[in-house]
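If you want the building blocks of each chain, they are given just below.
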Amino acid sequence: MRRFLIPLLFLAVALPIFSHAQAAPSDKPFVVEYYYKAKWGHADEFLKLFKKNHYPVLKKEMEMGRITKVWMDQPRYHTTEDGRWDFRVTIVFKNATVANEAFDEATLQKQLYPDQETFQREEQRRFEILDGHWDLPVKTVDLDPKP
C-alpha cells in the first residue's frame with residue numbers, strides 16, 4: 001500500500017506545479033496606472049521634467065513593442081488633500097509577462113541622455129518635488145459576460 005501512496009503523493013504535488021509552469025503566458029494587454037502627487041506649487045516643474053526625461057524613455061519602449069500605449073491625465077478640479085493626485089500616467093503593456101519581467105531601463109536612459117550627470121540630477125529633482133507616488137495595476141471588469 002505504501003508503495004502506491006508515495007508515487008500518488010508525488011503526483012498530487014508535482015502535477016499542479018508542472019501544469020502551472022506549462023501554462024501559456026497571456027497575450028492580453030496589462031494596464032498600470034501611475035499616480036503622482038506633487039508638492040504644492042511644483043506640478044508644472046514635475047510635468048516639465050517628466051516630459052523631458054521620462055516620456056522619451058516610454059516612447060522608446062513603445063517603439064520596441066514593450067508598451068502599446070501611454071497617456072497622462074490630470075484632474076480638472078481639485079479634491080481633498082487625502083485623495084489629491086496631480087497626474088495619472090496610464091501605461092498599457094503588451095502583456096503581464098512583459099510588464100513584470102526585469103527590464104534594463106538604464107541602458108535606454110544612457111542612449112537617450114549622454115549627459116548622465118544632468119539626467120540623474122533632474123530625475124532626482126523630479127522625485128524630490130513629489131509628496132506621493134503609487135502604482136496601480138488595473139483590470140477590466142466585464143459587465144456583460146457572454147453565457
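The paragraphs below set out a description of the structure included in this document. (Residues numbered from 1 in each chain as written. Predicted model: local features only at pLDDT ≥ 70, side-chain atom pairs only at ≥ 80, totals over all residues. Heavy atoms only, no water.)

Our focus in this paragraph is the overall build of the chain. Helix and strand counts for the chain stand at five helices and four strands. Put simply, the chain has 147 residues, and 28% of those count as buried. Pairs at least 24 apart in sequence give 77% of the contacts found in the chain among residues at least 6 apart. Carbon and sulfur atoms provide 59% of the accessible area of the chain, an area that totals close to 11100 Å². (Helix = DSSP H or I, 4+ residues; strand = E, 2+ residues; numbered from the N terminus. Buried < 20%, exposed > 50% of the residue type's maximum accessible area, 1.4 Å probe, protein only. Contact = heavy atoms within 4.5 Å. Areas by Shrake-Rupley, 256 points an atom, 1.4 Å probe, with all protein chains shown as cover.)

To continue, consider a nonpolar patch on the surface. A contiguous nonpolar surface patch, about 230 Å² in accessible area, is contributed by Trp134, Leu136 and Val138. Within the secondary structure, tryptophan 134 sits in strand E4 (residues 130–138). (Patch = residues over 30% accessible without salt bridge, like charges linked within 9 Å, V, L, I, M, F, W, Y side chains within 5 Å. Salt bridge = Lys/Arg side-chain N within 4 Å of Asp/Glu carboxyl O.)

So, about helix H2 (residues 43–64). Every α-helical turn comprises 3.6 residues, leaving residues that sit three or four positions apart pointing alike. Look at H2: 30 Å from first C-alpha to last across 22 residues, which is about the 32 Å you get at 1.5 Å a residue. Within H2, the axis deviates most sharply at lysine 51, by approximately 45°. Looking at H2, one finds that the buried residues are Ala43, Phe46, Leu49, Phe50, Asn53, His54, Val57, Leu58 and Glu61. Residues of H2 that are buried make contact with strand E1 (30–38), strand E2 (67–73), strand E3 (87–93), helix H4 (105–112), helix H5 (116–128) and E4. (Expected span 1.5 Å × (residues − 1). Bend = angle between axes of the 7 residues up to and from the residue.)

A separate point is the packing of aromatic side chains. On inspection of all chains with the given rule, the structure shows seven aromatic pairs. Note on tyrosine 113 and phenylalanine 119: the rings are 4.7 Å apart at their centroids and 15° apart in plane angle, and the pair reads as stacked. Overall, the relative accessible area of 13% leaves tyrosine 113 in the buried class. These aromatic residues form a ring-pair network of at least three members: Tyr36, Phe46, Phe50 and Phe87. When the ring centre of tryptophan 71 is taken as origin, the NZ or CZ atom of lysine 69, which lies over that ring, is 5.0 Å away. (Phe/Tyr/Trp six-rings, centres within 6.5 Å; stacked < 30°, edge-to-face > 60°. Lys NZ or Arg CZ within 6 Å of the ring centre and 35° of its normal.)

Attention shifts here to the sheet that holds E3. Read across the open sheet, the four strands follow the order E2-E3-E1-E4; overall the sheet is antiparallel. Because the sheet does not close on itself, it has two edges, and the strands there are E2 and E4. Strand-to-strand twist in this sheet, taken as the mean axis angle between neighbours without regard to direction, amounts to 15°. Sheet topology note: the E1/E3 ladder contains seven bridges and is antiparallel. Following the sheet pairing, glutamate 33 is matched in E3 by threonine 90. Contacts between H2 and the sheet are confined to E1, E2, E3 and E4, with E2 contributing the most and set at about 170° to the helix. (Pairing = 2+ DSSP bridges. Axes fitted to C-alpha atoms, helices over the stretch in contact; angles between N-to-C directions.)

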